Amino acid sequence: MEILEKAHKYLKITVDMRRDFIIQAQKSADQGLSFIKQIITISGVIAGFGFTAIENIHCKNFFIFGEFFLFLNICFGLYFIKKSWYEDFETFKVDIKKMHSIAGILKIGLERKDKNKAQEGLAELEKFAQQERDMAKLFEFLPMTMILLILISSIFILFSI
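Quick caveat: nothing in here was measured; it's all calculated off a predicted structure.

Caption draft 1: Broad picture of the overall build of the protein chain. Assigned secondary structure in the protein chain consists of four helices and zero strands. From first element to last, N terminus to C terminus, the protein chain shows the α and β order α-α-α-α. Across the 161 residues of the protein chain, 34% fall into the buried class. Across the protein chain, the fraction of contacts at a sequence separation of at least 24, relative to all contacts at a separation of at least 6, is 84%. Counting only carbon and sulfur atoms, one obtains 64% of the accessible surface of the protein chain, whose full area is about 10500 Å².

If you want it as structure tokens, here you go:
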């Protein structure tokens, strides 16, 4: 009966973990999109300021480089949304499905009072808990690159006037 009691305890834990993962996934999505939106907006504002001063441009090459770096920055932001954030969000979804599957195994074991099924669910849960998740890769490289591109493009646009 010890296995079934343990399975009952861990079934509640998997349900709680699923809820927490869903909440964390939503927070991560909101924060990532908000940050990228802010960076892209800043790039667009700077690009717009550059075009308002187009009559006063003395060095078209600097202006073109500045605007190119802003365009590149916007593209990096969109790439970030597609590649980094979206793939990490997909990982969350896969994890949630896996926890749902584990909860199903534990539930079946408890309903049937099947120690083997409960043990199988516990083994799956332990295996799942051993997996490492590196969600920090979201903000390792791209944000600093985007900020640097804004700085470079701003300098080019300023020197073009």
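Caption draft 2: Fine view of the packing of aromatic side chains. Considering all chains together, one arrives at four aromatic pairs under this definition. Centre to centre, the rings of F69 and F156 are 5.7 Å apart; their planes meet at 10 degrees, and the pair counts as stacked. Taken together, the positions of F69 in helix α2 (residues 60-112) and F156 in helix α4 (residues 142-160) put the pair 87 residues apart, joining distant regions of the chain. By relative accessible area, which is 18% here, F69 ends up buried.

Caption draft 3: Fine view of the confidence of the model for the protein chain. Averaged over every residue, the pLDDT of the protein chain is 75; residues scoring 70 or more account for 81%. Considering each helix and strand of the protein chain separately, the mean pLDDT is smallest for helix α1 (residues 2-52), with a value of 73, and largest for α4, with 80.

Cut-offs applied
Residues numbered from 1 in each chain as written. Predicted model: local features only at pLDDT ≥ 70, side-chain atom pairs only at ≥ 80, totals over all residues. Heavy atoms only, no water. Helix = DSSP H or I, 4+ residues; strand = E, 2+ residues; numbered from the N terminus. Buried < 20%, exposed > 50% of the residue type's maximum accessible area, 1.4 Å probe, protein only. Contact = heavy atoms within 4.5 Å. Areas by Shrake-Rupley, 256 points an atom, 1.4 Å probe, with all protein chains shown as cover. Phe/Tyr/Trp six-rings, centres within 6.5 Å; stacked < 30°, edge-to-face > 60°. pLDDT = per-residue confidence, 0-100.

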